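Here are the chains, one letter per residue:
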Amino acid sequence: MQKDTFWNARKDSCNVGEISIKRIVDLEHVPFNPSLVFPDAKPEIIKKLSLQVGLQHFSDNNLDLLLSFHSFLIQTQKYNILVDTCCGNEKERPTRPFWHQRNGPFLDNLATVGLAASDIDFVLCTHLHADHVGWNTQLINGKWVPTFPNAQYLFSQKEFEYWKEEDKKNPMEPIMYGSYIDSVLPVIKSGQALLIESSHQIENNIQLESAYGHTPGNVIVNVRSERDQAILCGDVIHHPLQLLKPKWSTNFCFDPDLSRQTRLDLLNRCADTQTAILPAHFHSPDYGYIGRNGDTFHLIK
Ligand SMILES: [Zn+2]
């Protein structure tokens, strides 16, 4: 594998040794006002950064940030592992219009790579925010049931316990736009959830790692081969502009200081190595190796 071909744009996938990683899209090009995402985002700064980062990551007219919502499907000799399950269909999210009462083709997109929902062996949520748990469940006969009937769902115990306590504090106020109730609890009740340590190993070359800060129990996924490594880093880095502003945490981060440190540690560790990053919200084909330039970073294509 050459550095400049880590992500195959045409196939929307990559290989790490024998393991393949494919992107399964829920929705793309969703505009977010920069100041909603980053407390330090001023229009003049965003305008300048957008020229450096690449205009494809910003909307045409008003320089909103564009985010993608997709799963990564890891396929090994033994298992189909779905990492993060995006926004989902038919969820009530009135304060998030792009996520509200959707009827999107996520399962059809999964079918285009030859898989049915019943083929998924593991579902892993890097954290339990609404845009990472949506397809955990689907609405069948008025009830939220697990979408992937044969999967074991892996939730970080530390993450789950935190949200469970938050939910108890104010049961009348649904947390995380209601996603704890419609996309997490039905999986727990079905018996398909396994609460795991942050260092859980799914198989030899696929190991989780704690990456706290964005949420209390946030994890990332290391996929290894003899020569290469990829890190599915979830929301440790949200948008490509954070490669230039790695100290910028988002307004959605539970602990912005810890989130900043986690992001800096990840980027410093990956810079100028054969370790690629696959963030949860970058658009294709911008996944791959990282280079460093002083205090800033960039994708190597
Ligand atoms: Zn997210």
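Residues numbered from 1 in each chain as written. Predicted model: local features only at pLDDT ≥ 70, side-chain atom pairs only at ≥ 80, totals over all residues. Heavy atoms only, no water.

A.B. asks: Sorry, what's going on with the overall build of the protein chain here?
C.D. replies: Counting its secondary structure elements, the protein chain contains seven helices and 16 strands. Its C-alpha atoms give the protein chain a radius of gyration of 18 Å, near enough to 19 Å, the size a compact globule of 301 residues would have. Its C-alpha atoms give the protein chain principal-axis dimensions of about 50 × 40 × 35 Å. With an accessible surface of roughly 13,100 Å², the protein chain has 48% of that area assigned to carbon and sulfur atoms. Positive and negative charge centroids in the protein chain, built from 28 and 35 side chains respectively, lie 3 Å apart. (Helix = DSSP H or I, 4+ residues; strand = E, 2+ residues; numbered from the N terminus. Rg over C-alpha atoms; globule rule 2.2 N^0.38 Å. Areas by Shrake-Rupley, 256 points an atom, 1.4 Å probe, with all protein chains shown as cover. Lys, Arg positive; Asp, Glu negative; His and termini not counted. Charge placed at Lys NZ, Arg CZ, Asp CG, Glu CD.)

A.B. asks: What is the right way to look at the sheet that holds strand β2 (residues 19–32) in this model?
C.D. replies: Whether parallel or antiparallel, the strands of a sheet pair through hydrogen bonds between backbone atoms. In space, the seven strands of this open sheet follow the order β1-β2-β3-β4-β5-β8-β9, with mixed pairing throughout. At either margin of the open sheet sits one strand with a lone partner, and together these are β1 (13–16) and β9 (193–196). Across the sheet, the mean angle from the axis of one strand to that of its neighbour is 25°, orientation sign disregarded. Pairing of strand β5 (residues 122–124) with strand β8 (residues 152–156) involves three bridges; the strand directions are parallel. (Pairing = 2+ DSSP bridges. Axes fitted to C-alpha atoms, helices over the stretch in contact; angles between N-to-C directions.)

A.B. asks: Even after reading the chapter, I still don't get the sheet that holds strand β11 (residues 206–210), so can you show me in this structure?
C.D. replies: Taken in spatial order, the seven strands line up as β10-β11-β12-β13-β14-β15-β16 in an open sheet, and their pairing is mixed. Each edge of the open sheet carries a strand with a single partner, namely β10 (201–203) and β16 (296–300). Recorded for the sheet is a direction-independent mean angle of 35° between the axes of neighbouring strands. By the bridge criterion, five bridges tie β11 to strand β12 (residues 219–224) in an arrangement that is antiparallel. Bridging across to β12, Glu209 finds its partner in Ile220. Where helix α7 (residues 256–270) meets the sheet, its contacts fall on β11, β12, β13 (229–234), β14 (275–279), β15 (288–293) and β16, and the angle it forms with β13 comes to roughly 165°. (Contact = heavy atoms within 4.5 Å.)

A.B. asks: How should I be thinking about helix α5 (residues 179–190) in this particular structure?
C.D. replies: Residues lying three or four places apart along an α-helix face the same way, a consequence of the helix completing one turn every 3.6 residues. Counted at 1.5 Å a residue, the expected span for α5 with its 12 residues is 16 Å, and the 16 Å between its end C-alpha atoms agrees. Listed as buried for α5 are Ser179, Tyr180, Asp182, Ser183, Val184, Leu185, Pro186 and Val187. In this structure, the buried residues of α5 make contact with β6 (137–140), β7 (143–146), β8, α4 (157–169) and β9. Among the residues trailing α5, Gly191 stands out with phi positive, at a value near 85°. (Expected span 1.5 Å × (residues − 1). Buried < 20%, exposed > 50% of the residue type's maximum accessible area, 1.4 Å probe, protein only.)

A.B. asks: Could you clarify how one ought to interpret the pattern of salt bridges in this entry?
C.D. replies: Side chains that differ in sign of charge can pair as their charged atoms come close. Per the stated rule, a full pass over the model turns up 10 salt bridges. Between Asp12 and Arg23 there is a salt bridge, and its shortest N-O distance comes to 2.9 Å. Taken together, the residues span a long stretch of sequence, with Asp12 in the segment before β1 and Arg23 in strand β2 at a distance of 11 residues. You can call Arg23 buried: its relative accessible area is 8%. Glu166 is the salt-bridge partner of Lys169, the closest N and O atoms lying 2.6 Å from each other. With Lys169 and Glu166 both in helix α4, this residue pair falls three residues apart, about one helical turn. On the basis of relative accessible area, Lys169 is assigned to the exposed category, the value being 63%. Each of the salt bridges in this network shares a partner with another, and the network as a whole consists of Asp12, Arg23 and Glu28. (Salt bridge = Lys/Arg side-chain N within 4 Å of Asp/Glu carboxyl O.)

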